[in-house]
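As a plain string of letters, each chain reads:
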Amino acid sequence: MKLLFVGEFAGFAGGIERYMYQAAELMRERGHRIYGLFEMPGKDQNEFCKVFESTHFLDALDSVPEDIDIAIIHKIREPEALSAIMKRFPVISVIHDHEYYCPRHSLYYPFVHKNCHYTTSRLLCGLCGMTRSCRAGFAERANDSFIKKPRVWNLICASSYLVVLSDFMRNLAITNGAPAEKTEIIYPYIKIPAKTERKQNRAEAHLLVAGQLIRGKGVDLLLSAVPHIKGNFTVDILGSGEEEENLRHLSKQLSIDGKVKFHSWANHPERFFADAALAVLPWRWQEPFGLVGPEALANGIPLVGFDIGGIREYLIDGSTGLLVPYGDIKRLAAAVSQLLVDVELRRQMGANGRVYVQANFGRESFLGNWEYLLQEVKSPGVPAAEFLKWD
């Protein structure tokens, strides 16, 4: 089939773009031809776009080939563009985050600093969305919060199928209006690297936290826990974003800047996985899935994280890591300290993690589920052995 991947950035920016890149690679191996349609260029555009037959931009939508079989929407902000795509091609939409039904993008209250658990409402959510910090003026924010976001979500819900990456996200999408009968879970494929002997006995342990440096990722909560963590360790922060300057200031304020190293985002973070003793997921927001968690497990790295969002779908408390009550900084520090001290427990949890990822996030199940949906959209009701759905 000819498939059109639609996204925001023609380049590496975060988890969505990494998912798109890997999915395009795998589907090409199955014989599909993948085209890209994006809102704007992104980082390392040449490397990112090499998996596409051709790359196009939304301001030149007419340049997209007419014989596309299915468009797969990964991220889109403009309702007019989405409507134009849906008029030309059948659509499957992948819901990677909360942006479609939350004008603030985060399901997080701006003033009381708590996670939101209400269903979407054009009026109330629109008002909340007006508090989002951005460069847009009042009129533009009002249009985005009250008109554009609800229109995009309504169109997304009209897709042939909606795909989510976790059971947590499926429940949340359905609660906010997604049709249950058309909303499918397809867990991402997580590559298992060749097994290597981890340096668990090194004198200084490395704690890895990776992702965009935005408030929702909770890196400041980890930094606040660092003074309470026992042992000889360094915190490697892998990522970039609007909170980086504040996080650097906080590390100095807490007198822990000698223990904290900031690294810009790496498209291929294998070097950091190789050095890490454990990965910390200190999320403040309701993380839909969090690719970095199972990626760390695939590399034999145990996890410590707050019990929020979709984390329970791979952080199995006591088996692949330690789950901590949401927001409890002292318990977070205690859990990290426990794994730093107990090298054998760390090694066992890392091994458990590799087994869990191999069993639940495999290549064939990922491709099998996608092939099933593609066939359903292109030729509904046509049985074919090669398109059997994986349970």
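All values reported here derive from a predicted model rather than from experimental measurement. (Residues numbered from 1 in each chain as written. Predicted model: local features only at pLDDT ≥ 70, side-chain atom pairs only at ≥ 80, totals over all residues. Heavy atoms only, no water.)

1. Some thoughts on the packing of aromatic side chains
Evaluated as defined, the whole model comprises 16 aromatic pairs. Measuring from ring centre to ring centre gives 5.5 Å for Tyr 187 and Phe 361, while their planes differ by 80°; the resulting arrangement is edge-to-face. Pair noted here: Tyr 187 is in the loop between strand S7 (183–185) and strand S8 (205–210) and Phe 361 is in the loop between helix H12 (343–360) and helix H13 (363–378), with a separation of 174 residues, a long-range link. Overall, Phe 361 belongs to the buried group, its relative accessible area being 1%. Aromatic pair Phe 306 and Tyr 326: ring centres 6.2 Å apart, planes at 70°, arrangement edge-to-face. Separated by 20 residues along the polypeptide, Phe 306 in strand S12 (residues 303–306) and Tyr 326 in the loop between strand S13 (321–324) and helix H11 (329–341) bring together distant segments of the chain. Judged by relative accessible area, which is 0%, Phe 306 ranks as buried. Overall, Tyr 326 belongs to the partly exposed group, its relative accessible area being 37%. Every member of this aromatic cluster is reached through a ring pair, and the members are Phe 5, Phe 12, Tyr 21, Phe 38, Phe 48 and Phe 52. (Phe/Tyr/Trp six-rings, centres within 6.5 Å; stacked < 30°, edge-to-face > 60°. Helix = DSSP H or I, 4+ residues; strand = E, 2+ residues; numbered from the N terminus. Buried < 20%, exposed > 50% of the residue type's maximum accessible area, 1.4 Å probe, protein only.)

2. Overview of the sheet that holds S12
If you walk across this open sheet you meet the 6 strands as S10-S9-S8-S11-S12-S13, and the pairing is parallel. The two strands at the open ends of the sheet, each matched to only one other strand, are strand S10 (260–263) and S13. Neighbour-to-neighbour, the strand axes of this sheet turn through a mean angle of 20°, independent of strand direction. Relative to S10, strand S9 (residues 233–238) runs parallel, the two being bridged by 4 bridges. The partner of Val 235 across the bridge, within S10, is Val 260. (Pairing = 2+ DSSP bridges. Axes fitted to C-alpha atoms, helices over the stretch in contact; angles between N-to-C directions.)

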